[in-house]
Amino acid sequence: MSADPAAIPSRSRLLSLLTEACELEHGLACSYLYAAFSLKQDLAEGGLTWRQLQAVRLWASEIYMIAAEEMLHLAQVWNILAAVGGSPHYGRPNFPQRRTYYGFDQPLALEGFGARALDRFISYETPLDLLAGRKAAPTRTNDDEPARFRSVGELYGLIAEQIQGLPEESLFFVGSQGEMTPDIAHFPDLLPVRDARSALAAIALITEQGEGTACDRGDSHYATFLRTRAAFEEHRAADPAFRPTRPVLDNPVPRIRGDWAGGGPVNVLVDPLAREVGDLFDDVYVLMLRLLQHAFASGPSGPMAGLFCSVAIDAMTTVLKPLGETLALLPSGRGDGSRAGAAFGLTRHTTLPPASAIALRIAAERAEDLARVASRLAGRDGAPERLGLAADNLKRVASAFGP
């Protein structure tokens with residue numbers, strides 16, 4: 001337990017730390033997805049031999065898997081938040097985020113695959129027992145300040161301290177709160193949270209997937225990024241012409257919104273099709289988050305929980321992924337040969353209303369609107385094939401809400 005008097009456990013402090021963990025897991029998932037979107041998938045894109053292409057496809061698939069596990073971690077923290085009296089939090093600041101925004105003194109940015117991005121990813125996921133060489137996290141002074149930590153795992157250590165320091169009998173709310181399971185949420189390995197034991201088990205699962213254990217880090221995020229970094233350098237050393245990535249912009253945005261550019265420069269897309277597809281990506285992404293937030297806030301007994309989770313997960317893999325890859329293929333229009341990219345932009349709109357019938361109607365209307373936009377864009381001259389796939393899948397997603 002920390003000797004800092006201000007670190008005395010409290011529900012308020014625990015809710016603050018869990019909310020910060022939500023934002024961080026969410027931001028990591030987007031960063032990893034952006035890097036995966038930037039990797040070439042076809043010999044026709046140039047710069048790769050057949051053997052090199054197989055390696056690049058493997059890197060992309062592994063990063064997609066890690067991003068999916070980060071979404072599981074976000075859902076897991078939602079379960080803990082709900083169980084201790086909070087509300088599932090789906091917001092976060094838009095990219096880029098300055099290095100001091102989170103306690104580990106590392107920026108969060110949308111950046112194509114490469115040495116710089118991989119080094120950041122490795123730093124985020126560094127196991128606790130390997131942090132000895134890093135400066136100790138400074139002590140915070142009150143609950144309003146962000147927590148200070150040196151890695152994602154150290155943040156979860158602070159959360160575990162709070163849970164262990166509070167009386168279990170009054171901390172947890174038993175009922176539907178925090179008890180979402182894989183059969184409703186469609187997140188494999190999601191643990192329902194009802195008490196300190198299950199909450200700490202959930203934290204152990206998150207840190208083990210991220211960092212591994214001292215005995216086995218084999219398929220952890222940390223080990224996977226280390227392997228990928230080494231393999232990337234081997235390919236570069238063996239072949240100076242090796243070009244595994246599409247030249248996507250750092251931190252692209254389809255247009256300037258009032259809440260962007262607070263943490264660093266953004267790159268505005270100029271190409272008309274790229275801008276419209278960028279807006280479509282952000283709108284589908286926000287709808288997916290609103291569906292998940294409503295489902296986790298209402299719990300497994302919520303009338304819309306199963307449907308909303310099913311639609312959101314379907315949209316994540318069959319609509320957002322092809323839209324993100326489409327943006328990495330489209331020219332940015334800036335005249336420098338660069339490609340566009342997904343902004344993962346969040347707007348200031350509120351969550352879906354608690355009333356299930358109203359939430360369903362609003363979600364269905366929005367999905368239908370977006371499906372029409374996607375179909376129109378897919379018919380444009382020069383639209384990549386993946387855009388047509390995303391449009392077809394979005395129609396199917398919209399139809400899941402019923403007439």
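J.: Where do I start with the overall build of the protein in this structure?
T.: Looking only at helices and strands, the protein has twelve helices and two strands in total. Secondary structure elements of the protein, listed N to C terminal, follow the sequence α-α-α-α-α-α-α-α-β-β-α-α-α-α. Relative to its length of 403 residues, the protein is compact, with a C-alpha radius of gyration of 21 Å against a globular reference of 22 Å. Each of the three principal axes of the protein carries a C-alpha extent, and together these read 60 × 55 × 35 Å. By the burial criterion, 54% of the 403 residues in the protein qualify as buried. For the protein, the exposed surface amounts to about 16,400 Å²; the carbon and sulfur share of it is 55%. Charged side chains of the protein number 39 positive and 48 negative; the gap between the two group centres comes to 5 Å.

J.: Would you mind showing me how to read the side chain of histidine 221 here?
T.: In this fold, histidine 221 is placed in helix α8 (residues 221–238). Judged by relative accessible area, which is 0%, histidine 221 ranks as buried. Here histidine 221 is in contact with Ile66, Glu69, Glu70, His73, Glu125, Gln209 and Gly210, once residues within four sequence places are set aside.

J.: Can you walk me through the environment of threonine 49 in this structure?
T.: One can find threonine 49 in the loop between α1 (11–37) and α2 (50–83). By relative accessible area, threonine 49 is classed as partly exposed at 39%.

J.: What's the story with the nonpolar core in this structure? I'm lost.
T.: The nonpolar side chains of soluble globular proteins are, as a tendency, buried together. Ile159, Ile163, Phe187, Tyr285 and Phe344 are the most contacted members of the largest nonpolar core, which has 128 residues in total. For this core, the element with the highest residue contribution is α2, accounting for 18 residues.

J.: Looking at this structure, I do not really get the packing of aromatic side chains. What am I missing?
T.: Two aromatic rings are characterised by how far apart their centres lie and by the angle between their planes. Applying the stated rule across the entire model yields 19 aromatic pairs. Summarising the aromatic geometry, the rings of tryptophan 78 and phenylalanine 296 are spaced 5.1 Å apart at their centres and angled 65° between planes, so their arrangement reads as edge-to-face. In this pair, tryptophan 78 is assigned in helix α2 and phenylalanine 296 in helix α9 (residues 272–298), connecting sequence segments 218 residues apart. Taken individually, tryptophan 78 and phenylalanine 296 each receive the classification buried, so the pair is uniform in this respect. An aromatic cluster is built from Phe37, Tyr64, Phe281, Tyr285 and Phe344, whose rings are joined through pairwise contacts. Taking the ring centre of tyrosine 64 as reference, the NZ or CZ of lysine 321 above it sits at 4.7 Å.

Rules behind the numbers
Residues numbered from 1 in each chain as written. Predicted model: local features only at pLDDT ≥ 70, side-chain atom pairs only at ≥ 80, totals over all residues. Heavy atoms only, no water. Helix = DSSP H or I, 4+ residues; strand = E, 2+ residues; numbered from the N terminus. Rg over C-alpha atoms; globule rule 2.2 N^0.38 Å. Buried < 20%, exposed > 50% of the residue type's maximum accessible area, 1.4 Å probe, protein only. Areas by Shrake-Rupley, 256 points an atom, 1.4 Å probe, with all protein chains shown as cover. Lys, Arg positive; Asp, Glu negative; His and termini not counted. Charge placed at Lys NZ, Arg CZ, Asp CG, Glu CD. Contact = heavy atoms within 4.5 Å. Core = buried A, V, L, I, M, F, W, Y, C linked by side-chain atoms within 4.5 Å. Phe/Tyr/Trp six-rings, centres within 6.5 Å; stacked < 30°, edge-to-face > 60°. Lys NZ or Arg CZ within 6 Å of the ring centre and 35° of its normal.

Limitation: the analysis is restricted to geometry and does not speak to function.
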